[in-house]
Structure formats: C-alpha cells, structure tokens
Amino acid sequence: MKRFFPESELIINQDGSIFHLHVKPEQLADNVILVGDPGRVSQVANFFDSTECEVSNREFHTITGTYKGKRITAQSTGIGCDNIDIVLNELDALANIDFSTRMEKEQLRSLNIVRIGTCGGLQPFTPTGTFIASVKSIGFDGLLNFYAGRNDVCDLEFEEAFKRHMNWNPLLGAPYVIDANAELIDRVAADDMVRGVTIACGGFFGPQGRELRIPLADPKQNEKVECFEYGGLRITNFEMESSAVAGLSRLLGHKAMTCCMVIANRLAKQANSNYKNNIEVLIEKVLDRI
C-alpha cells in the first residue's frame, strides 16, 4: 500500500523543491556523486560536457549535467553522518515520492550513489595518495540504529567480533557494519583501488583518536583498530560519512559506495594538506566508471 507523507514529515518549498537541498525532482539524475566540500561540486562539474542546473543552499551545492553521455548529479553533503541523513533521505524523496500528491510512487527508482572523499589511512599499505574503496563501513555515528530494518542489512557477526576486540564502551553508540553495493564496488574500484574496511567517525578529533587539549577516553583506541582482523579483512581508514551513505542506501533500495583518497597516514604520522589537485584523478576515474 502506498504511503502518504504529511507536510511536517516531507517539507516542500514554495518553488516545488525539497526543503534542505532546494533541488526539484526533475533536476536529479540517476547517477549521483556525493562530496563533502561544496567547492568540490564545481571541481566535479568541471569535467561535465554540459550543465543543466546549479543550486546552492547552506552547505548543499548541487550541479546536474552530462559527462560522456551520462547524466550525473554532483551533490555536496557537508561533513558528517548527520548531514548524510538529510541528503540521502531528500535524494530518495526526490526520486520516489510524488510531490504533487505526497504519495510514494508506484515504480520506485534506484540511484547509483558514489561518495568521493578524503580520509586517514591506518595501515602501512595505505600511504598518502592511496585510493581506498570501502567494501565495508563501520559506523561509530549510531545513525542507522534509529531505523527499522537495521539488523537486516548489517553484518551482525562482524559487529560482535569488533565490539569484543575493542572492549566497546556501552556509553558510546552501538557500532554498525554495512556492506557497500558489490556490483558498484567492482565497477568503480576496478583493479587500481585498495578495497578496505572504513570506520566512519562521529567527529574529527576524539572519535578518530586525535588528542589536542582534551585527553581521550580510550588512548589505545587506534592501536586496537589497526590490529583488528576479521574474515581476512583489516580496517584501512577513518572518514566521517561512508557508513550512513551505504546503510541508508541499502534500506532505501539504492546502490552506494564510498571511495576516498588518503591525505594522512595515522600510522606514519604523515599528512598532505595540498591534495586538492590530486583528487581530480579520483574524480575522473569515478565519472568514467559510474
């Protein structure tokens, strides 16, 4: 049975656009590139052969255009899984809810969603400049725990093994482990990206084991993360969005994955802040393969 969505749950602006993104349904392509930085949307769109629309509101910058015959939407999310909650739900609403009737559509649309970002490498084989495709993501953010069906899409055995290894603090949100879409991983990661396990953190400093003026609750966190192994998989990198992208997409019926360029190796204590030109190589790879 189709569902009806009242004004308080689905907020539509007076111009017919979705509340936060300010995008209209007809402006959304089936292929979506997510980036954190609003400025990186233009960096992606610079590769487009043509552009049909550009919209900005707060940290949400959107450009839809065509690249080698493929219609693509480049969308910024800002930083963090809380913003991914807004972006993924609003993209799905644009695709699968009729704004004139506020009813779920009869034919549901599945999007191809690839997040392109930056991350911190956690292994000797992930030095700065490495491209990592997140086969699995571990969510430290707790976002997916608010949604029904969470256990149906998560790797529960991996979760339990990880919590035991970490001696997980019950004061923290329960971590969840989610797989990226396998077909999209094979197509986009191909044979030139490291396939790894990514932790999506709820912050940049303490949650990623960075200590400035506030001591860490668990000073050994990163050591435990770096040595964890399950099913032949090692944790390769920290970032802040991949778990919510993969998890919400699985629940909503979309294909999604994250690929990041390593700009800091936490193990080697090295970082490259001058990475903006190098990431264009990753952008072009994703555009060619999505």
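This text goes with the structure placed above it.
Presented here is a report on the structure given in the accompanying data block. If you're wondering where the values come from, they're calculated on a predicted model, not measured in any experiment.

Rules used in this analysis
Residues numbered from 1 in each chain as written. Predicted model: local features only at pLDDT ≥ 70, side-chain atom pairs only at ≥ 80, totals over all residues. Heavy atoms only, no water. Helix = DSSP H or I, 4+ residues; strand = E, 2+ residues; numbered from the N terminus. Rg over C-alpha atoms; globule rule 2.2 N^0.38 Å. Lys, Arg positive; Asp, Glu negative; His and termini not counted. Charge placed at Lys NZ, Arg CZ, Asp CG, Glu CD. Salt bridge = Lys/Arg side-chain N within 4 Å of Asp/Glu carboxyl O. Buried < 20%, exposed > 50% of the residue type's maximum accessible area, 1.4 Å probe, protein only. Pairing = 2+ DSSP bridges. Core = buried A, V, L, I, M, F, W, Y, C linked by side-chain atoms within 4.5 Å. Contact = heavy atoms within 4.5 Å. Phe/Tyr/Trp six-rings, centres within 6.5 Å; stacked < 30°, edge-to-face > 60°. Arc of directions from axis to C-beta. Axes fitted to C-alpha atoms, helices over the stretch in contact; angles between N-to-C directions. Parallel < 35°, antiparallel > 145°, perpendicular 65-115°, else oblique. Left-handed = near helix turned anticlockwise from the far one by under 90°. Nonpolar A, V, L, I, M, F, W, Y, C, P; charged D, E, K, R; others polar.

1. Focus: the overall build of the protein chain
For the protein chain, the helix and strand inventory stands at eight helices and 14 strands. Over its C-alpha trace the protein chain gives a radius of gyration of 19 Å, about what one expects of a compact globule, namely 19 Å for 290 residues. Along the first, second and third principal axes, the C-alpha set of the protein chain runs to 55 × 40 × 40 Å. When the 30 positive and 38 negative side-chain charges of the protein chain are each reduced to one mean point, those points stand 3 Å apart.

2. Examining the pattern of salt bridges
The final tally for this structure, using the stated rule, is 17 salt bridges. Lysine 68 serves as the salt-bridge partner of aspartate 288, at 3.1 Å between the closest nitrogen and oxygen. Here aspartate 288 is found in helix 8 (residues 279–289), whereas its partner lysine 68 is found in the loop between strand 3 (60–67) and strand 4 (70–76), with 220 residues between them in sequence. According to the relative accessible area criterion, aspartate 288 is partly exposed, its value standing at 38%. Residue lysine 255 pairs with glutamate 183 through a salt bridge whose shortest N-O separation is 3.5 Å. With a gap of 72 residues between them, lysine 255 in strand 13 (residues 255–265) and glutamate 183 in helix 5 (residues 182–189) connect regions that are remote in the sequence. You can call lysine 255 partly exposed: its relative accessible area is 30%. By relative accessible area, which is 37% here, glutamate 183 ends up partly exposed.

3. Digging into helix 7 (residues 242–252)
An α-helical turn contains 3.6 residues, so a residue and the one three or four places further along point in the same direction. The element helix 7 is extensively covered by neighbouring structure, given that eight of its 11 residues are classed as buried. Every buried residue belonging to helix 7 is among Ser242, Ser243, Ala244, Val245, Ala246, Gly247, Leu248 and Ser249, and all of these are buried. Two residues or fewer after helix 7 comes glycine 253, characterised by a positive phi angle close to 90°.

4. Here we look at the pairing of strand 2 (residues 50–57)
Two elements, strand 2 and strand 3, share seven bridges in a ladder whose sense is antiparallel. For glutamate 54, the partnering residue across the bridge sits in strand 3 and is isoleucine 63. In textbook terms, the turn of a hairpin is the stretch between consecutive antiparallel strands, and for strand 2 and strand 3 this stretch comprises two residues, one of which, arginine 58, has a positive phi near 55°.

5. Overview of the nonpolar core
It is characteristic of soluble globular proteins that their nonpolar side chains tend to be buried jointly. Grouped together as the largest cluster of nonpolar side chains are 33 residues, with contacts concentrated most on Leu34, Leu91 and Ile113. Of all the secondary structure elements, the ones that give two or more residues to this core are strand 1 (31–35), helix 2 (81–96), strand 9 (176–179) and helix 7. By residue number, the principal contributor to this core is helix 2, which donates eight residues. Non-local contacts of isoleucine 113, meaning those with residues more than four positions away in its chain, are made with Val32, Leu34, Leu88, Leu184, Val245, Ser249, His254, Lys255, Ala256 and Met257. Ranked by size, the runner-up nonpolar core spans 31 residues in total, among them Ala74, Val188, Leu282 and Leu287.

6. Some words on the packing of aromatic side chains
Evaluated as defined, the whole model comprises seven aromatic pairs. Consider the rings of phenylalanine 162 and tryptophan 168, whose centres lie 6.0 Å apart with planes at 50°: the pair is tilted. Taken together, a centroid distance of 5.0 Å and an interplanar angle of 80° make the contact between phenylalanine 204 and phenylalanine 205 edge-to-face. By relative accessible area, phenylalanine 204 is classed as partly exposed at 42%. Chaining the aromatic ring pairs together yields one cluster made of Phe140, Phe158, Phe162, Trp168, Phe228 and Tyr230.

7. A few points about helix 4 (residues 156–166)
Within helix 4 the residues assigned to the buried category are Phe158, Glu159, Ala161, Phe162 and Met166. Viewed along the axis of helix 4, the buried residues span an arc of 165°, placing them on a single side of the element. Away from its buried face by more than 90 degrees, helix 4 exposes Glu157 and Arg164. Just past helix 4, the residue asparagine 167 takes up positive phi, approximately 50°.

8. Quick look at the packing of helix 1 (residues 38–45) against helix 8
Interhelical geometry of helix 1 versus helix 8 gives an angle of 60° and a closest axis separation of 10 Å. Between helix 1 and helix 8, the angle falls in the class oblique. Note on packing geometry: the crossing formed by helix 1 with helix 8 is right-handed. Each of Arg40, Gln43 and Val44 in helix 1 lies in contact with helix 8, whose residues at this interface are Ile279, Glu280, Ile283 and Leu287. Looking at side-chain class alone, the contact of helix 1 with helix 8 contains four nonpolar, one polar and two charged residues.

Function cannot be inferred from these measures alone, as they are strictly geometric.
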